Every structure is written in C-alpha cells, then in structure tokens.
Amino acid sequence: MELEKYITFKIKNSECEFRTLNEFDVTHEYINALKEKNEYIMNIPAKLSISSQKQYINEILSRENETICGMFVERELVGSCGIQTYNTFIYNIDKHTLKVGTMGIFIFSKKYQELGLGKALVWASTLLLYECFQTEWFTAGMLKDNISSLKTFLGCGFKQVEF
C-alpha cells in the first residue's frame, strides 16, 4: 500500500523526509548497503540487484496491509522501514479488536548511523500508522542479537516481550 501522507522535518539542520519508497528510489548505494548489512535483514534475494529490489518494492506496495518507507536526508535515501498492519482480537482488555502495526527499521548509510535517525524512523512510522490507519498498538520485530535496533525501539518507549 502506498501511504498518502509523508513527514518532513529537520535533524541537526538537515532536511529530512519520510515517505513511501518507490522503485525510482532504488540506487546502487542502496543495493550495496543491503548486500553489506544483510545480517539483520530478512527477505533479501540471493541475487540482489537494482531490478530485483525494484520488483520487491512494487510487490510490497501492491499488498493491502504492507508498505516500505524511506528516510531521506538532504534528498539522499539513508534508511528504510518495512511496515505491516493487521487487526487482532485480544480477550483480556476492554476493547477486543485492535489495529496493530509492526515495523522493522534499517539505517544503511554509514555517515548517518549513530545520529538518532533510527529513532526518527520509529517515530515517523508510528505517527503515519496512527494518522493513516488509526493504528492503536505498535510492535517491532528483530533478531535477538540486533542490540542496536533493540535499543532504538526501547528508547522510543517500546517494551521488550519474550515469546
């Protein structure tokens, strides 16, 4: 699904934009970063290329409850966030049906790591999920040894739950 809304903001005097990715956003830098940082990313094809990633993004955007967004700093794509939404039924609360959003983030540009952009990705994602879909609960998925991602979500108010 393509989100109708987007967010613009500044971080340390840099113009930032968070919006739905499209196939034209796929660059060699993006592909190289995916190849280099694939230890924590799911669904990367064995033969990653610009054309395969464009196809992957188009497939995601064609799904009703899934999207992928990009974080742009000074018009450069520096990170992405995969988002899924679904409804769930919970017995032990007053309001039984909840709209849930889940996300996974990735800051791939080395020069933009450790600057708080991961938190900006989380905040922007939760805001758009709430604004576009009235999402009530937010979850995140990550591998257990991805401590950086865990710290980012915990820093945004998420709580760690073991399954």
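### Some words on the overall build of the chain
Part 1: For the chain, the count of helices and strands is four helices and six strands.
Part 2: Its helices and strands taken in sequence order, the chain reads β-β-α-α-β-β-β-α-β-α from the N to the C terminus.
Part 3: Relative to its full complement of 163 residues, the chain shows a buried share of 40%.
Part 4: For the chain, restricting intrachain contacts to residue pairs at least 6 apart in sequence, the fraction spanning at least 24 positions comes to 60%.

### A few points about helix H1 (residues 28-36)
Part 1: All buried positions along H1 are accounted for by Tyr-30, Ile-31, Ala-33 and Leu-34. Around the axis of H1, the buried residues are gathered within 160° of arc, so they sit on the same side. Along H1, the residues that are exposed and aim more than 90 degrees away from the buried face are His-28 and Glu-29.

About the criteria used
- Residues numbered from 1 in each chain as written.
- Predicted model: local features only at pLDDT ≥ 70, side-chain atom pairs only at ≥ 80, totals over all residues.
- Heavy atoms only, no water.
- Helix = DSSP H or I, 4+ residues; strand = E, 2+ residues; numbered from the N terminus.
- Buried < 20%, exposed > 50% of the residue type's maximum accessible area, 1.4 Å probe, protein only.
- Contact = heavy atoms within 4.5 Å.
- Arc of directions from axis to C-beta.

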